[in-house]
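Descriptive structure summary
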Amino acid sequence: SRSSQTEHSHVRPEALGLPEGPNLQELKRTKSIPDTLHVLIVEDNLINQRVLAKQLRNLGCVVSVANHGQEALDFLPKTTLWNNDHPMSNSIALKEMYHIPSTEPIPNGHNDALPVELSLILMDWEMPIMNGLTAVAEIRKLEEQGLLKERVPIIGVTANVRQQQIEQAMATGMDDVVGKPFRVAELLVRMKGIVSGMGLEGLNGNAHLTEGYASFG
């Protein structure tokens, strides 16, 4: 429940069975740390959301968060990927300004009206309001309509890692699927490969990540 999530929001990752964090020296040695990835985590479990955001932030990522698929869609018009010149732009984009949720400190002089970068979306599967599959399908529609300037890389994050579920996710428009639990260090390598257009070739083959980062509820 949301109350229990809030109550345990300050629990240390290791107390929840999570690793304290990836080996930064190993990541640097293998050159798997990106310069800067701007990541949107779409996850309804607040503990998962905060822990994953913290670990990715520690690896140099700029992290924003959304609690479900609809919030992810609402986030897109505030990014540099949004095509403000499209005739349908104003009818879809949010009229009022809102603070883009982020685990990053708000810099001095920050203006919410300025668009933010978006490199990749980590999309949970099962969420209230709008689930991950529906959100991905809607995002791909926005791309087809020209409301997004380019394709947004999306990695599905789910416990549903049976082949049928993976095929369904990929057919819907996800670029990759990782299974809970997984290792954040390995996820970062996967993310970098997807963003660079390399996929998993030369990294992890076609294997799906299945250990390290735990799912709670």
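Just above, that's the structure.
This section reports on the structure supplied with the text.

1. Examining the pattern of salt bridges
Per the counting criterion, the structure on display carries seven salt bridges. Put simply, K180 and D124 hold a salt bridge, and the shortest N to O gap is 3.2 Å. Taken together, the residues K180 in the loop between β5 (176-179) and α8 (184-196) and D124 in strand β3 (residues 120-124) connect sequence positions 56 residues apart. In this pair, the class of K180 matches that of D124, namely buried. Between R140 and E143 there is a salt bridge whose closest N-O contact spans 2.7 Å. On the criterion of helical spacing, the pair formed by R140 and E143 is a turn pair, its members being three residues apart in helix α6 (residues 132-144).

2. Considering the packing of helix α3 (residues 46-58) against α8
Two numbers describe how α3 lies on α8: the axes approach to 11 Å, and their chain directions differ by 65 degrees. With respect to α8, the element α3 is oriented roughly perpendicular. Considering the relative orientation of α3 and α8, their crossing is right-handed. On the side of α3, the interface is formed by L52, Q55 and L56, while α8 contributes V184, L187 and M191. Of the residues contributing to the contact of α3 with α8, the split by class is five nonpolar, one polar and no charged.

3. Here we look at the sheet that holds β5
One open sheet accounts for five strands, arranged β2-β1-β3-β4-β5; its pairing is parallel. Edge positions in the sheet fall to β2 (62-66) and β5, since each has one partner strand and no second. This sheet shows a mean twist of 20 degrees between the axes of neighbouring strands, independent of strand direction. Summarising the sheet, β3 and strand β4 (residues 154-158) pair through four bridges and their orientation is parallel. Its bridge partner lying in β4, I121 is registered against I154.

4. Considerations on the environment of N84
The topology assignment puts N84 in the loop between α4 (69-75) and α5 (89-92). Residue N84 is classed as exposed on the basis of its relative accessible area of 55%. Linking N84 and L147, residues 63 residues apart in sequence, is a C-alpha distance of 7.6 Å.

5. With respect to empty space enclosed by the protein
According to the stated counting rule, one finds one cavity of 30 Å³ or more in the structure shown. Its boundaries defined by the atoms lining it, the largest cavity holds a volume of some 50 Å³. For the lining of the largest cavity, the secondary-structure elements that each account for two or more residues are β1 (38-42) and β3. Counting residues per element, the lining of the largest cavity draws most heavily on β3, at three residues. Considered class by class, the residues forming the lining of the largest cavity number seven nonpolar, no polar and three charged.

What counts, and where the lines are drawn
- For every chain, the first residue of the written sequence is number 1, and numbering continues from 1 onward in sequence order.
- Confidence filtering applies because this is a predicted model: local features only for residues at pLDDT of at least 70, side-chain atom pairs given and counted only at 80 or more, and all residues used for totals across whole chains, interfaces and linings.
- No hydrogens and no water enter the side-chain calculation; it runs on all heavy atoms of the structure.
- The working definition used for a salt bridge is a side-chain nitrogen of Lys or Arg within 4 Å of a carboxyl oxygen of Asp or Glu.
- Numbered from the N terminus, helices here are DSSP runs of H or I no shorter than four residues, and strands are runs of E no shorter than two.
- Relative accessible area decides the class of each residue, using a 1.4 Å probe on protein chains only: under 20% of the type maximum gives buried, over 50% gives exposed, and in between gives partly exposed.
- Axis geometry follows a simple rule: fit a line to the C-alpha atoms, using only the stretch in contact for helices, then measure angles between N-to-C directions, giving values from 0 to 180 degrees.
- Roughly parallel here means an angle under 35 degrees, roughly antiparallel means over 145, roughly perpendicular means 65 to 115, and every remaining angle is called oblique.
- If you view the pair so one helix is near and one far, a crossing is left-handed when the near helix is turned anticlockwise from the far one by less than a right angle, and right-handed when it is turned clockwise.
- Two residues form a contact once any of their heavy atoms are found within 4.5 Å.
- Basically, the charged four are Asp, Glu, Lys and Arg, the nonpolar ten are Ala, Val, Leu, Ile, Met, Phe, Trp, Tyr, Cys and Pro, and anything else, Gly included, counts as polar.
- In this analysis, strands are considered paired if DSSP registers two or more bridges between them.
- Buried and open spaces are told apart on a 1 Å grid over the protein atoms alone, a cavity being a set of points where a 1.4 Å probe fits but cannot get out and a pocket being an open set with protein on both sides within 12 Å along at least five of seven lines. Residues with an atom within 4 Å of a point are the lining residues.
- Grid points are joined across faces, edges and corners, and a volume is the space filled by probe spheres set on the points.

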